[in-house]
Amino acid sequence: MHKSLHQPLGGNQMPRFAGISTMLRLPHIEDAQQQRDLDAAFIGIPLDIGTSLRSGTRFGPRQIRAESVMIRPYNMATGAAPFDSLNVADIGDVAINTFNLLDAVRIIEETYDGILERGIIPLTLGGDHTLTLPILRAMKKKHGKVGLVHVDAHADVNDHMFGEKIAHGTTFRRAQEEGLLDSGRVVQIGLRAQGYTAEDFNWSRKQGFRVVQAEECWHKSLVALMAEVREQVGGGPVYLSFDIDGIDPAWAPGTGTPEVGGLTTIQALEIIRGCQGLELVGCDLVEVSPPYDNSGNTALLGANLLYEMLCVLPGVAHR
């Protein structure tokens with residue numbers, strides 16, 4: 001049966017400053033039955049009650065959508081033409097409980113259970129990094145343990161934060177403890193700055209994760225690194241989680257926990273494009289906090305990185 005493919009609204013059909021704000025100006029589809037026709041979908045999680053310093057990521061999904069209006073359908077660098085082969089839409093936001101983090105985590109997991117049951121590859125607009133834990137819980141039920149490409153300034157493997165076991169800095173320790181990750185197929189890229197002890201990064205190494213600190217990335221292309229990453233994490237389902245604070249605050253100041261000495265925007269593109277060929281089952285872009293960047297450039301970067309994630313999903317056509 002012929003599949004109808006949604007296309008982003010073009011700038012000559014509706015001015016880019018007009019119209020309803022959706023990711024890439026795609027159709028907004030809320031009906032669960034209609035969603036079954038989708039291959040991939042953008043979904044927002046306006047969460048920031050798991051943050052430890054500067055809040056504001058609840059506004060991330062809305063601002064990312066607003067900044068996505070300039071993105072056009074074809075990737076002129078890679079030849080990817082995602083809308084020629086995948087049916088993609090914006091399915092709105094998760095209706096979290098903004099007064100109760102643990103309940104919000106439950107709601108996210110249940111929502112993603114439904115999304116995955118409908119055969120959709122989710123591309124998530126965050127929201128703070130707490131949200132990746134319930135998504136990985138849903139992924140485990142659908143795909144089993146997954147490999148992970150995690151880009152971040154921080155390892156997010158704290159045992160607790162102010163005594164709480166679930167927060168944006170504990171996500172990947174909980175995921176490992178709960179058996180959600182295929183630990184030999186986990187890579188963390190861009191970790192840097194200071195810690196409380198050497199265990200801040202070494203805990204990850206002891207689990208079998210590959211840790212690529214930011215200093216290993218300075219002054220070089222990451223194409224060679226990503227060839228190694230593909231070799232390590234390939235051979236099964238992989239989840240891509242990209243914290244915008246992995247990028248140096250010179251390019252992405254609008255985030256809650258900025259750290260100097262980070263990745264460049266070019267390296268960010270190399271990382272995502274380097275995931276081409278992996279069995280990606282979902283991606284997220286988290287920790288965009290618009291109140292800390294009035295220019296909108298951090299959200300603009302986030303929107304473009306999400307588009308690049310779409311371009312490397314399995315089944316994307318190339319021209």
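Our structure is the block above this text.
Please read all numbers here as calculations on a predicted model, not as lab measurements. (Residues numbered from 1 in each chain as written. Predicted model: local features only at pLDDT ≥ 70, side-chain atom pairs only at ≥ 80, totals over all residues. Heavy atoms only, no water.)

### Focus on the pairing of strand β7 (residues 210–213)
Where strand β6 (residues 181–191) meets β7, four bridges bridge the pair, whose relative direction is parallel. Each bridged residue has a counterpart across the sheet, and for V187 the counterpart in β7 is R210. Once you follow β6 into helix α6 (residues 199–206) and on to β7, the crossover reads as right-handed. (Pairing = 2+ DSSP bridges. Helix = DSSP H or I, 4+ residues; strand = E, 2+ residues; numbered from the N terminus. Right-handed = clockwise from strand over helix to strand, strands pointing away.)

### As for the nonpolar core
Judged by nonpolar contacts, the single largest core of 53 residues is most densely connected at F42, I189, L310 and L313. Examining the composition of this core, we find that nine residues originate from one element, helix α9 (residues 297–311), more than from any other. Among residues more than four places away in sequence, those in contact with L313 are A40, L86, I121, L123, L280 and C283. Counting residues in hydrophobic clusters, the runner-up holds 43 residues, among them A104, L136, A138 and V211. (Core = buried A, V, L, I, M, F, W, Y, C linked by side-chain atoms within 4.5 Å. Buried < 20%, exposed > 50% of the residue type's maximum accessible area, 1.4 Å probe, protein only. Contact = heavy atoms within 4.5 Å.)

### A closer look at the environment of E215
Along the polypeptide, E215 turns up in the loop between β7 and α7 (223–233). By relative accessible area, which is 40% here, E215 ends up partly exposed. As for E215 and L263, which are separated by 48 residues in sequence, their C-alpha atoms are 9.2 Å apart. Beyond its immediate stretch of four places on either side in the chain, E215 contacts L191 and R192.

### Examining α7
Inspection of α7 places L225, M226, V229 and V233 among the buried residues, and these make up the whole buried set. Axial view of α7: buried residues confined to an arc of 95°, hence all on one face. In α7, the exposed residues that point more than 90 degrees away from the buried face are V223, A224 and E231. Considering only its buried residues, α7 is in contact with β5 (146–151), β6, β7, β8 (237–243) and α8 (265–273). Trailing α7 by a residue or two, G235 shows a phi angle of about 90°, which is positive. (Arc of directions from axis to C-beta.)

### Quick look at the layout of surface pockets
Roughly 720 Å³ of internal volume is contained in the largest pocket. Per element, the largest residue contribution to the lining of the largest pocket is four residues, and it comes from α6. Its residues assigned to classes, the lining of the largest pocket comprises nine nonpolar, 10 polar and 10 charged. Volume-wise, the second largest pocket comes out at about 200 Å³. Around the second largest pocket, the lining residues are I49, G50, T51, S52, L101, L102, M161, F162, E164, K165, I166 and A167. Taken together, the residues of the lining of the second largest pocket break down into seven nonpolar, three polar and two charged. (1 Å grid on protein atoms, 1.4 Å probe; cavity = no way out; pocket = protein on both sides within 12 Å on 5 of 7 lines; lining within 4 Å. Points joined across faces, edges and corners; volume = space filled by probe spheres on them. Nonpolar A, V, L, I, M, F, W, Y, C, P; charged D, E, K, R; others polar.)

### Quick word on the side chain of S289
Along the chain, S289 turns up in the loop between β9 (279–286) and α9. Exposure remark for S289: the relative accessible area of 0% places this residue in the buried category. When residues no more than four places from it in sequence are discounted, the contact partners of S289 are S55, G56, T57, G254, T255 and G256.

### Re unusual backbone geometry
Cis geometry is found at the peptide bond from G126 to G127, where omega equals 10°. Within the secondary structure layout, G127 lies in the loop between β4 (121–126) and α4 (132–143).

### Some details on the sheet that holds strand β1 (residues 40–45)
Taken together, eight strands build an open sheet; the order of strands is β3-β1-β4-β9-β8-β5-β6-β7 and the sheet is parallel. Every other strand in the sheet has two partners, leaving β3 (88–93) and β7 as the edge strands with one partner each. Direction aside, neighbouring strands of the sheet carry axes that sit 15° apart on average. In the sheet, β1 pairs with β4 via six bridges, with the strands oriented parallel. Each bridged residue has a counterpart across the sheet, and for A41 the counterpart in β4 is P122. Against the sheet, helix α2 (residues 60–67) contacts β1, β3, β4 and β9, and its axis sits at roughly 105° relative to β4. Sitting on the sheet, α7 touches β5, β6, β7 and β8, and the angle it makes with β6 is about 160°. (Axes fitted to C-alpha atoms, helices over the stretch in contact; angles between N-to-C directions.)

### What about helix α3 (residues 101–117)?
Along its 17 residues, α3 runs 24 Å from first to last C-alpha, staying within 8% of the 24 Å computed at 1.5 Å per residue. Residues L101, A104, V105, I107, I108, E109, Y112, G114, I115 and L116 constitute the buried set of α3. If you follow the buried residues of α3, they end up packed against β1, β3, β4 and α4. The N-terminus of α3 is capped by N100, whose side-chain oxygen sits 3.2 Å from the backbone nitrogen of L102. G119 lies just past α3 and shows a positive phi near 80°. (Expected span 1.5 Å × (residues − 1). Polar contact = N/O pair within 3.5 Å; in protein donor to acceptor, adjacent residues only side chain to side chain.)

### Quick notes on the pattern of salt bridges
Throughout the structure, instances matching the rule amount to 18 salt bridges. Here E109 and R137 are joined by a salt bridge, their closest N and O atoms 4.0 Å apart. Here the residue E109 occupies a position in helix α3, and R137 occupies one in helix α4, the gap between them amounting to 28 residues. Given the relative accessible area of 18%, E109 is considered buried. By relative accessible area, R137 is classed as buried at 18%. Within this structure, E109, D113, R137, K141 and E178 form a network of salt bridges that share partners. (Salt bridge = Lys/Arg side-chain N within 4 Å of Asp/Glu carboxyl O.)

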